[in-house]
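Summary of structural features
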Amino acid sequence: MRKMKGGRISLACTLRKADGNCPGRASCNEDGTNARVTTLHTHAGNPTFKKKRELRKSILDRCRTNDPSSFRDIVEQEGDGYSRRVKMSNNHNSLRSAMRRARLEKFPKIPGSLSALGEALRKRKNRHITRSKDGKDNLFFGAVGSSRRETRSIIFMSRRQLACLRKAKKLFADGTWDARPSTPKSRQVFSISTCTKNRRVLPLAVVLMQSRSNAAYDKLFTVLRDNGCNPRVVHTDFEIAQYSSWKRVFGRQLRVEGCLYHYVVRLRKRAKKLRLSALLKRNAVANSIVRSCNALPLLPHYRFEEGLATIKRRARRAGLQIQLAQFFQYMEYTWAPRRKIVSVYHSTDRTNNVAESWNKTLTMTVKQKSPNVWLFIDALVKLEERYAQDIFNVRHGRPANRLRKSSAVRNDQVIRELTGSLNADDISISQFLRQASYRMQNVWNPV
């Protein structure tokens, strides 16, 4: 199809460049009226042509909506009810480029940097991209930092999320990579969440960060502090830059706690890297000694080194000090200096599962790794609406979540009892570590 000098549209047969090389041509006005055949077709009519065009149109129209489904899923779902011959002409491979163009029609050109993304979202004509589902709020909170210094961050947080952030006394912070947009380039998707008393996860802020440096975290946390964020406890992983930045910006009174699950996973990976798996499988004593290190975070931070020394003495008595020397060296140089952040003594949340749960939800909503940035933002808009509904449910006494697993409740009870026995000197620190280490057995088992 092309426009002729007189303003009319020239039409060619769809088989002109395919098998048959049909010379059929016609012309019409721009509005489709006054059609006139100029060259006849050299083949019989196609009985499925109308159905093929109908299916193609329905597929592309769906791509123009906010549906984040993959292209393959859209083709399969829209093709239900059509014949195999019709679906053969409208398969995923042949329509992929057209579907991509249709999906991006309502969005501006993808910015090449986080600074350009911030400028694009700040424009009035693009505010619909980050507008909440109910039209009463907007998720674009602002851009902080400098691209030149690699501290740029784009913050997504609605006003109602900000109101909840100001009230939250316990935060869960973590970064993820699976849902990170392919363009513009960023180092991570950093999320901050909290949870209700009945364990409902509430996302508060999502940030695209250019880097994970001390300066980048300082800029981000300073903006949050200046907007009323004042937590008492923050649960995070063992990233030194993030930990030190929380302390610098919010003061030494802020308690930053690590994640017991990630700690055990790190120890398990180190044991495998040191090729201790075979020893731990055939030697029950060696396995018990190394596994006892999993329970060290359950001690107060000032007793961490005492607990480690107890485990090392036990290894020496068993004649395993040489085989486990490298592992104990790893514990002394990696975890003993971090004992304050590692310790989850008397903590009601020993893991960062709240943040991990939110990251998984975001990835499932985006439905693909390294998504288009506009689809990423659209997923945030949908999740913000889900958050608003959760808040409404909680305020009206209808929390939409399931109860904690009985195994988790039992774990809490056992650890509380063991901690009480240790504090009362009913058991030694060695007995405490041995018995408490069984609480992480499901994570340690693969060793």
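Whatever comes next refers back to the structure up there.
The following refers to the structure shown. (Residues numbered from 1 in each chain as written. Predicted model: local features only at pLDDT ≥ 70, side-chain atom pairs only at ≥ 80, totals over all residues. Heavy atoms only, no water.)

Some details on unusual backbone geometry
- Residue Pro184 is bonded to the preceding Thr183 through a cis peptide linkage, with omega at 0°.
- Backbone geometry at Asn34 places phi at a positive 55°, although glycine is not the residue there.
- Take Asn34: it is sitting in the loop between β3 (25–28) and β4 (36–39).
- A positive phi angle, close to 60°, is found at Glu150, a residue other than glycine.
- Here Glu150 falls in the partly exposed class, since its relative accessible area comes to 48%. (Helix = DSSP H or I, 4+ residues; strand = E, 2+ residues; numbered from the N terminus. Buried < 20%, exposed > 50% of the residue type's maximum accessible area, 1.4 Å probe, protein only.)

Overview of the pairing of strand β2 (residues 9–12)
- With two bridges connecting them, strand β1 (residues 2–3) and β2 associate as antiparallel partners. If you follow Lys3 over to β2, its bridge partner there is Ile9.
- Linking β1 to β2, which pair antiparallel, is a turn of five residues; within it Gly7 sits at a positive phi near 100°. (Pairing = 2+ DSSP bridges.)

Re the layout of surface pockets
- Roughly 730 Å³ of volume is contained in the second largest pocket.
- Secondary structure elements with two or more residues in the lining of the second largest pocket: β2, β3, β4, α1 (49–63) and α4 (92–103).
- Examining the composition of the lining of the second largest pocket, we find that four residues originate from one element, α1, more than from any other.
- In terms of residue class, the lining of the second largest pocket is made up of ten nonpolar, ten polar and four charged. (1 Å grid on protein atoms, 1.4 Å probe; cavity = no way out; pocket = protein on both sides within 12 Å on 5 of 7 lines; lining within 4 Å. Points joined across faces, edges and corners; volume = space filled by probe spheres on them. Nonpolar A, V, L, I, M, F, W, Y, C, P; charged D, E, K, R; others polar.)

A look at α1
- Taking 1.5 Å of rise per residue, 15 residues should cover 21 Å, and α1 covers 21 Å from first to last C-alpha, within 8% of that figure.
- Of all the positions in α1, only Lys52, Leu55, Ile59, Leu60, Arg62 and Cys63 are classed as buried. On an axial view of α1, the arc spanned by its buried residues comes to 160°, and they lie on one face. Along α1, exposed side chains directed more than 90 degrees from the buried face belong to Lys50 and Lys57.
- Next to the buried residues of α1 lie α2 (71–78), α3 (84–88) and α4. (Expected span 1.5 Å × (residues − 1). Arc of directions from axis to C-beta. Contact = heavy atoms within 4.5 Å.)

A word on helix α18 (residues 429–437)
- Listed in full, the buried residues belonging to α18 are Ile429, Ser430, Phe432, Leu433, Ala436 and Ser437. Buried residues in α18, looked at end-on, bunch into an arc of 160°, giving them a common side.

Here's the deal with the nonpolar core
- By size, the foremost hydrophobic cluster in this structure holds 77 residues, and its most contacted members are Trp246, Tyr263, Leu296 and Met331.
- At six residues, helix α9 (residues 260–273) tops the list of elements feeding residues into this core.
- With residues near it in sequence (within four places) discarded, Met331 still touches Tyr263, Leu267, Cys293, Leu296, Phe304, Leu308 and Ala336.
- The next biggest cluster of nonpolar side chains, apart from the first, holds 24 residues, and it includes Phe140, Ile154, Phe156 and Phe376. (Core = buried A, V, L, I, M, F, W, Y, C linked by side-chain atoms within 4.5 Å.)

What to know about the sheet that holds strand β10 (residues 233–235)
- Across the sheet, seven strands lie side by side as β5-β6-β9-β8-β7-β10-β11; this open sheet has mixed pairing. The sheet is open, and its two borders are formed by β5 (140–144) and β11 (255–257), each paired with just one other strand. Each adjacent strand pair in this sheet contributes to an overall mean axis angle of 20°, direction not counted.
- Examined bridge by bridge, strand β7 (residues 170–176) and β10 share three bridges and lie parallel to one another. For Leu171, the partnering residue across the bridge sits in β10 and is Val234.
- Strands in contact with helix α8 (residues 240–250) are β7, β8 (188–195), β10 and β11; relative to β11, the strand with the most contacts, it is inclined by about 165°. (Axes fitted to C-alpha atoms, helices over the stretch in contact; angles between N-to-C directions.)

Quick word on a positive patch on the surface
- On the surface, Arg313, Arg316, Arg317 and Arg434 cluster together into a positively charged patch.
- For the positive patch, the element with the most residues is helix α12 (residues 304–317), which contributes three residues.
- As for its placement among the helices and strands, Arg313 is situated in helix α12. (Patch = residues over 30% accessible without salt bridge, like charges linked within 9 Å, V, L, I, M, F, W, Y side chains within 5 Å. Areas by Shrake-Rupley, 256 points an atom, 1.4 Å probe, with all protein chains shown as cover. Salt bridge = Lys/Arg side-chain N within 4 Å of Asp/Glu carboxyl O. Lys, Arg positive; Asp, Glu negative; His and termini not counted. Charge placed at Lys NZ, Arg CZ, Asp CG, Glu CD.)

Considering the packing of aromatic side chains
- Scanning the model with the defined rule gives eleven aromatic pairs in all.
- With a centroid separation of 5.6 Å and an interplanar angle of 70°, the aromatic rings of Phe190 and Tyr217 are classed as edge-to-face. Separated by 27 residues along the polypeptide, Phe190 in strand β8 and Tyr217 in helix α7 (residues 214–226) bring together distant segments of the chain. You'll find Phe190 and Tyr217 in the same group, each marked buried.
- Arranged with centres 4.9 Å apart and planes meeting at 80°, the rings of Phe238 and Trp335 form a pair that is edge-to-face. Here Trp335 lies in helix α13 (residues 325–335) and Phe238 lies in the loop between β10 and α8, a separation of 97 residues in the sequence. For the pair shown, Phe238 and Trp335 are each scored as buried.
- Directly above the ring of Tyr438 sits Arg291, whose terminal nitrogen or CZ lies 4.1 Å from the centroid. (Phe/Tyr/Trp six-rings, centres within 6.5 Å; stacked < 30°, edge-to-face > 60°. Lys NZ or Arg CZ within 6 Å of the ring centre and 35° of its normal.)

What to know about the sheet that holds β3
- The strand order across the open sheet formed by four strands is β1-β2-β3-β4, and the pairing between neighbours is antiparallel. Looking at the sheet topology across the chains shown, the edges are occupied by β1 and β4.
- When β3 meets β4, the two strands line up antiparallel, connected through three bridges. Residue pairing in the sheet places Ser27 in a bridge with Arg36 of β4.

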